[in-house]
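Examination of the molecular architecture
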Amino acid sequence: MNKLIKGIMILLLTVLVACGTSDEKEQSDGTNGSNDKPTLSVVTEAGFMPFTYLDKGEVVGFDIDLLAAVMDEAGYDYQLENVGWDAMLLSVEKGEADLAIAGITVNDERKESYDFSSAYFESTHKVVFREGEGITSGEDIKDLKVGVQSGTTGAEAVEKILGKNHENISKYDSNTLALMSLQSGDVDAVVTDNVVADEYVANNPEANVEMITDPDTFESEFYGIMFPKDSDVKEDINAALQTVIDNGTYSEIYQEWFGAEPDTDVLTQ
Ligand code: GLN
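1. Details of the overall build of the protein
Assigned secondary structure in the protein consists of nine helices and 15 strands. Burial statistics for the protein: of 269 residues in total, 46% are counted as buried. Taking the intrachain contacts of the protein between residues at least 6 apart in sequence as the baseline, contacts between residues at least 24 apart amount to 72%. Accessible surface computed for the protein: about 14200 Å², of which carbon and sulfur atoms make up 48%.

Laid out in structure tokens, this is it:
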């Protein structure tokens, strides 16, 4: 009798162990795509509200929600780290990070050092200035002290007007610092991406600032996800981005953040 019970137990255990093993195996060679892909390292600069910023210590924003949707579609896990603008660019260039997202404009100069996804957002620049400064065009900042975030397309746009490394240009490590220097009176104006300017002006009524855009001076540009040169995940992630745009997920995220339908036809780059 004892022997019989022992025998049954051994049999049961064997079956259980066998099930366990085959389960694990199924997971590791799983065909649903989510378990056989590596965890990617993603870097951002969370000082670019509403695209990527800190809310109670957590990195949030339009870009962060888009990233989550794209990675889910592509079947990758990822670890997101807020490292700041310069460190972000450097770690992608060195291939230490697999990708970066932070309202990063795709341009020819950057394409020499990085790969990019296709475009996911159209942008331009705006001048933010203290009320009453009387700025009506981009050229009006010529004789003013202007704050910019160092190494950005906004800094480039200002250097085109004032001259490269002009003494009236103050370069800051982040957009947030540039805007703070406007409030403290260290600069007369700040040039930054239009949606970031809109968000800042809407959220800071006590700052007494106004803003203008100027399509004759400030060109249209497009944000893309940034990869190291010859990235082997770029194709996958770009295809997932395209799917997320085509299947309406992008529109849902856009509506949540901007309360309007996006014009996805412009994202053809
Ligand atoms: N779009 C600008 C650029 O790529 C600014 C991006 C940012 O400050 N996060 O240069």
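Here the narrative resumes.
2. Remarks on a negative patch on the surface
A cluster of acidic side chains, namely Asp-108, Glu-109, Glu-112 and Glu-156, defines a negative patch on the protein surface. When you line up the elements, Glu-112 lands in the loop between helix H4 (108-111) and strand E7 (114-116). Accessibility expressed as a relative area gives 65% for Glu-112, which makes it exposed.

3. Here's the deal with the nonpolar core
Among the nonpolar cores identified, the biggest contains 33 residues, and Phe-62, Leu-99, Tyr-120, Phe-121, Ile-237 and Tyr-250 are the most heavily contacted of them. By residue number, the principal contributor to this core is helix H2 (residues 62-74), which donates seven residues. In this structure Leu-99 touches Leu-40, Ser-41, Val-42, Val-43, Leu-67, Met-71, Val-92, Ile-225, Met-226, Phe-227 and Ile-237, once residues within four positions along its chain are discounted. Core analysis: the next-biggest nonpolar cluster, separate from the first, contains 17 residues, Ile-135, Ile-141, Ala-155 and Val-191 among them.

4. Observations regarding the site of the ligand
Not every one of the 13 residues close to the ligand is listed here, only the nearest: Gly-103, Thr-105, Arg-110, Gln-149 and Asp-193. A distance of 2.8 Å separates an oxygen atom of the ligand from a polar side-chain atom of Gln-149. The separation between a nitrogen atom of the ligand and a polar side-chain atom of Asp-193 is 2.7 Å. Relative to its unbound accessible surface of 290 Å², the ligand loses 99% to contact with the protein.

5. A look at the pattern of salt bridges
Following the criterion strictly, the structure yields ten salt bridges and no others. Two residues, Lys-164 and Glu-159, come together in a salt bridge whose shortest N-O distance is 3.5 Å. Salt bridges here are not isolated pairs; linked through shared partners, they connect Asp-115, Lys-229 and Lys-234.

6. Considerations on the sheet that holds strand E3 (residues 52-55)
In spatial order, the strands read E2-E3-E4; together these three strands make up an open sheet with antiparallel pairing. Looking at which strands have only one partner, the edges of the open sheet turn out to be strand E2 (47-48) and strand E4 (58-60). As defined by bridge partners, E3 adjoins E4 across three bridges and the pair is classed as antiparallel. Residue pairing in the sheet places Leu-54 in a bridge with Val-59 of E4.

7. Section: the packing of H2 against helix H8 (residues 234-246)
Packing of H2 against H8 brings their axes to within 8 Å, and their N-to-C directions diverge by 110°. Taken together, the axes of H2 and H8 are roughly perpendicular relative to one another. Like other packed secondary-structure pairs, H2 and H8 cross with a definite hand, here right-handed. Where H2 abuts H8, its residues Leu-66, Ala-69, Val-70, Met-71, Glu-73 and Ala-74 lie against Asp-236, Ile-237, Ala-240, Leu-241, Thr-243 and Val-244. Broken down by class, the residue content of the contact of H2 with H8 amounts to nine nonpolar, one polar and two charged.

8. Examining the sheet that holds strand E12 (residues 189-193)
Strand order in this open sheet of five strands is E11-E10-E12-E9-E13, and the pairing throughout is mixed. Every interior strand has two partners, whereas the edge strands, strand E11 (169-172) and strand E13 (209-213), have only one. Put simply, the sheet's adjacent strands are angled 30° from each other on average, direction ignored. Bridging between strand E10 (residues 146-149) and E11 involves four bridges; their strand directions are parallel.

9. Some details on the environment of Lys-145
Summarising the element assignment, Lys-145 is placed in the loop between strand E9 (125-130) and E10. Relative accessible area serves as the criterion here: at 44%, Lys-145 is assigned to the partly exposed category. Separated by 40 residues in the primary sequence, Lys-145 and Gly-185 place their C-alpha atoms 9.7 Å from one another. Residues in contact with Lys-145, not counting those within four places in the same chain, are Asn-168, Asp-186, Val-187, Asp-188 and Ala-189.

10. Re helix H9 (residues 249-258)
One turn of an α-helix holds 3.6 residues; hence residues three or four places apart share an orientation. Within H9 the residues assigned to the buried category are Tyr-250, Ser-251, Ile-253 and Tyr-254. Seen along its axis, H9 keeps its buried residues to an arc of 165°; they face one direction. When the buried face of H9 is taken as reference, the exposed residues oriented beyond 90 degrees from it are Glu-252 and Glu-256. Buried-residue contacts for H9 involve H2, strand E8 (121-123) and H8. With its phi angle positive at about 65°, Gly-259 sits one or two positions after the end of H9.

Thresholds applied
Residues numbered from 1 in each chain as written. Predicted model: local features only at pLDDT ≥ 70, side-chain atom pairs only at ≥ 80, totals over all residues. Heavy atoms only, no water. Helix = DSSP H or I, 4+ residues; strand = E, 2+ residues; numbered from the N terminus. Buried < 20%, exposed > 50% of the residue type's maximum accessible area, 1.4 Å probe, protein only. Contact = heavy atoms within 4.5 Å. Areas by Shrake-Rupley, 256 points an atom, 1.4 Å probe, with all protein chains shown as cover. Patch = residues over 30% accessible without salt bridge, like charges linked within 9 Å, V, L, I, M, F, W, Y side chains within 5 Å. Salt bridge = Lys/Arg side-chain N within 4 Å of Asp/Glu carboxyl O. Lys, Arg positive; Asp, Glu negative; His and termini not counted. Charge placed at Lys NZ, Arg CZ, Asp CG, Glu CD. Core = buried A, V, L, I, M, F, W, Y, C linked by side-chain atoms within 4.5 Å. Near = heavy atom within 4 Å. Polar contact = N/O pair within 3.5 Å; in protein donor to acceptor, adjacent residues only side chain to side chain. Pairing = 2+ DSSP bridges. Axes fitted to C-alpha atoms, helices over the stretch in contact; angles between N-to-C directions. Parallel < 35°, antiparallel > 145°, perpendicular 65-115°, else oblique. Left-handed = near helix turned anticlockwise from the far one by under 90°. Nonpolar A, V, L, I, M, F, W, Y, C, P; charged D, E, K, R; others polar. Arc of directions from axis to C-beta.

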